[in-house]
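Examining the three-dimensional arrangement
So you can see what is in the structure, the chains are spelled out below.
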Amino acid sequence: MRTNLLVSAVLILLLGIVLADFGFFDGARMLRGLRNLGILTSEMLPPDVGVLPVAGMALWETVQMSFAGTLLGFLASLPLSVLGTRNLFSPIISGAARFVAAAIRTIPVLLWAIIFVILVGLGPLAGTLGIGAYTVGYLAKIYADLFEGTDPEVIEAVQSTGASKLHLVRFVFLPEGANAILTQLLFMLEYNVRASSILGFVGAGGIGFVMQIYLQTLEYRRLATVLLLILVVVLAMDGLSGWMRKRFLLTAAQ
Amino acid sequence: MSGIDSNDIALRADDISFAYHDEAWVLKDVSLALPRGKLTMLMGPSGSGKTTLLKVLAGIIKPQHGHVAVLNHAIERQNQKKLSSLIGYIPQQLGLVRNLTAMENVLMGALGRCGHGKTLLGFFPRQEIEQARAALDLMGIGHKGSEMVFRMSGGERQRVAIARTLVQHPQVVLADEFVSDLDLELASEILERMRRAAAQEKITFLMSMHRVGLRDFGDHILTLNNGQVALGSTNSLRSQSSSESSS
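About the cut-offs
Residues numbered from 1 in each chain as written. Chains lettered and ligands numbered in written order. Predicted model: local features only at pLDDT ≥ 70, side-chain atom pairs only at ≥ 80, totals over all residues. Helix = DSSP H or I, 4+ residues; strand = E, 2+ residues; numbered from the N terminus. Rg over C-alpha atoms; globule rule 2.2 N^0.38 Å. Contact = placed C-beta atoms within 7 Å. Nonpolar A, V, L, I, M, F, W, Y, C, P; charged D, E, K, R; others polar. Core = buried A, V, L, I, M, F, W, Y, C linked by C-beta atoms within 7 Å. Buried ≥ 20, exposed ≤ 12 C-beta atoms within 10 Å, placed from the backbone. Expected span 1.5 Å × (residues − 1). Pairing = 2+ DSSP bridges. pLDDT = per-residue confidence, 0-100. Axes fitted to C-alpha atoms, helices over the stretch in contact; angles between N-to-C directions. Parallel < 35°, antiparallel > 145°, perpendicular 65-115°, else oblique. Left-handed = near helix turned anticlockwise from the far one by under 90°.

**Notes on the overall build of chain A**
Of regular secondary structure, chain A possesses eleven helices and zero strands. Sequence-ordered secondary structure for chain A, helices as α and strands as β, is α-α-α-α-α-α-α-α-α-α-α. Over its C-alpha trace chain A gives a radius of gyration of 23 Å, far above what one expects of a compact globule, namely 18 Å for 254 residues. Taking the principal axes of the C-alpha coordinates as reference, chain A spans close to 70 × 55 × 40 Å. Considering only contacts within chain A whose residues lie at least 6 apart along the sequence, 72% involve residues at least 24 apart.

Now the structure itself:
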């Protein structure tokens, strides 16, 4: 109990030091910030709905990029995660696969988008590939850990039928992990819709490009329309993934 | 059991010794022989090493000393596919894939004979499907083939596990305490079906068991105590039973 209190006190102290260093306790500065927030909000209202067709098209492109990138990354992550499963492959193979996944994951999605803009040029293809690459790194790690957690008794029993490693993946790892696989995939899709909103800032297509223009030209009422549209899409994604979970997740008995 | 003709022995283990990570011996110089086409009960108290012995016999873990042979085939020299045609293994928790149907689980018994092509897409040869159906029928759950395993009762799952092993066509089936969680009536029914399967398919069964009340289903009884196997007798088991109940 006393240790918990001590740890909490130390954490709060550290937070205070960091925030003070960044100017969080500078009253005049924060007051100025609040005043600016009021000005910005007043300049954003009412939203300019005249840009809906343009923003809607750009947002549709963002949704397409997220969808394609997530599925592409998902498909590529499966073989990498299988290779990274330590109870299936030797430490050399699984270690190499996990290293590749970690290296991919180290690079943030925005940087991946820049790399693909350089490689394949401006536009949604770069964004899609950037999202796909980040998704591979993330899902490969999650799925490899998931496969490793499969009940060893099930693995032993199916191996004793003469099943190969591919059989094990198809008939044990995938069905046993189906719930978690789908949950993580839906989470990644939701995350990618949000993340891909800013990829247009670096020329990788989608709504980000439109947002950047409105920010640079100080057209905050138009920006407000874009932000509201993104909010609608994110809420729709939440609803869709909730429905999919209910519809497709298996309620396995314990 | 030493009087059995060597041609009638399905599985022979000689001088098996096993310890986990240099700890005390779980099995010490264990030798046994299983008569062909019979149901042998491996009795012994919890923690006596029954699961370890079955895993060694199934080739899942390798002993520090000793050899196991099925129909004179040394198991350490067999690849996984060949081994699967010799030995079937049913773990204590059955090792079923809960998110697949009973039929899909039973068909997994045929994986050692199937290639990768269509099988990976979920398509099995017609004769394998017929065999799986027959195995489910033999277990009395032919009408439950399309039911997901996680929706099935404990007794139905036991039958699915046996059916999967029957489809595998092994010479010897090693089953680990797999009726322990069932009530006596259901456990008796499943053991009776196993006896029938043993006779019909000419399969040798070795079943570990700590419930003395079910020993009579075995044609033969082995007891495992302090890491060593001995021929069991009704009297010794009765005294074991009474000592367990008094403790």
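**Quick word on the interface of chain B and chain A**
The partner chain A presents 22 residues to the 25 residues of chain B that form the contact. Counting only elements with at least two residues in the side of chain B that touches chain A, the list comes to α2 (80-86) and β6 (87-90) of chain B. Top contributing element to the side of chain B that touches chain A by residue count: β6 of chain B, with four residues. Taken together, the residues of the side of chain B that touches chain A break down into twelve nonpolar, ten polar and three charged.

**Things to note about the environment of His116 of chain B**
Mapped onto the fold, His116 of chain B is located in the loop between α3 (102-107) and α4 (117-120). Filtering out sequence-adjacent residues up to four positions away, His116 of chain B remains in contact with Ser164 and Leu166 of chain A.

**Notes on the nonpolar core**
Judged by nonpolar contacts, the single largest core of 117 residues is most densely connected at Val106, Val172 and Leu174 of chain B. If you tally residues by element for this core, the top one is helix α6 (residues 124-148) of chain A, at 13 residues. Val106 of chain B has contacts with Ala132, Ala135, Leu136, Val160, Ala163, Arg164 and Val167 of chain B, leaving out every residue within four places of it along the chain. Ala55, Phe209, Ala224 and Leu229 of chain A belong to the second largest nonpolar core, which has 13 residues in total.

**A few points about helix α11 (residues 220-248) of chain A**
Residue and element names in this part refer to chain A. Its 29 residues place the ends of α11 41 Å apart at the C-alpha level, agreeing with the 42 Å of an ideal helix rising 1.5 Å per residue. Along α11, the positions that sit buried rather than exposed are Arg222, Leu223, Ala224, Thr225, Val226 and Leu229. Those residues of α11 that are buried lie in contact with α2 (27-44), α3 (52-83) and α10 (207-216).

**Considerations on the environment of Ala58 of chain A**
All names here are of chain A. Considering the arrangement of structural elements, one finds Ala58 in helix α3. Residue class for Ala58 comes out buried when judged on the 22 C-beta atoms lying within 10 Å of it. Along the sequence, Ala58 and Ile181 sit 123 residues apart, while their C-alpha atoms lie 30 Å from each other. Those residues in contact with Ala58 that sit more than four places away from it in its chain are Gly206, Ile207, Phe209 and Val210.

**Quick word on the sheet that holds strand β1 (residues 9-19) of chain B**
One open sheet accounts for four strands, arranged β2-β1-β4-β5 (chain B); its pairing is antiparallel. Only two strands of the sheet have a single neighbouring strand rather than two, namely β2 (25-35) and β5 (73-74) of chain B.

**Brief notes about unusual backbone geometry**
Between Leu45 of chain A and Pro46 of chain A the backbone carries a cis peptide bond, its omega angle lying at -10°. Counting through the fold element by element, Pro46 of chain A comes out in the loop between α2 and α3. The backbone phi angle of Asp15 of chain B is positive, close to 50°, even though this residue is not glycine. Tracing the sequence through the fold places Asp15 of chain B in strand β1. Note on Asp15 of chain B: 13 C-beta atoms within 10 Å, which makes it partly exposed.

**A few points about the confidence of the model for chain A**
For chain A, the average pLDDT comes to 89, and 97% of its residues sit at 70 or higher. Here α11 of chain A stands out as the element of chain A with the lowest mean pLDDT, 86, in contrast to helix α4 (residues 91-106) of chain A, whose mean of 94 is the highest.

**Description of the pairing of strand β4 (residues 65-70) of chain B**
All names here are of chain B. As defined by bridge partners, β1 adjoins β4 across five bridges and the pair is classed as antiparallel. Residue pairing across strands places Asp14 opposite His67, the latter belonging to β4. Adjacent in sequence and paired antiparallel, β4 and β5 are bridged by two residues, among which Leu71 carries a positive phi angle near 50°.

**Quick word on the packing of helix α5 (residues 126-138) of chain B against helix α6 (residues 154-168) of chain B**
Residue and element names in this part refer to chain B. One way to put it is that α5 packs onto α6 with a least axis distance of 9 Å and a crossing angle of 135°. Between α5 and α6, the angle is such that the two are oblique. Here α5 and α6 pass one another in a crossing that is right-handed. Side by side, α5 and α6 meet where Gln131, Ala132, Ala135, Leu136 and Leu138 of the first sit next to Ala163, Leu166 and Val167 of the second. Across the contact of α5 with α6, the residue classes break down as seven nonpolar, one polar and no charged.

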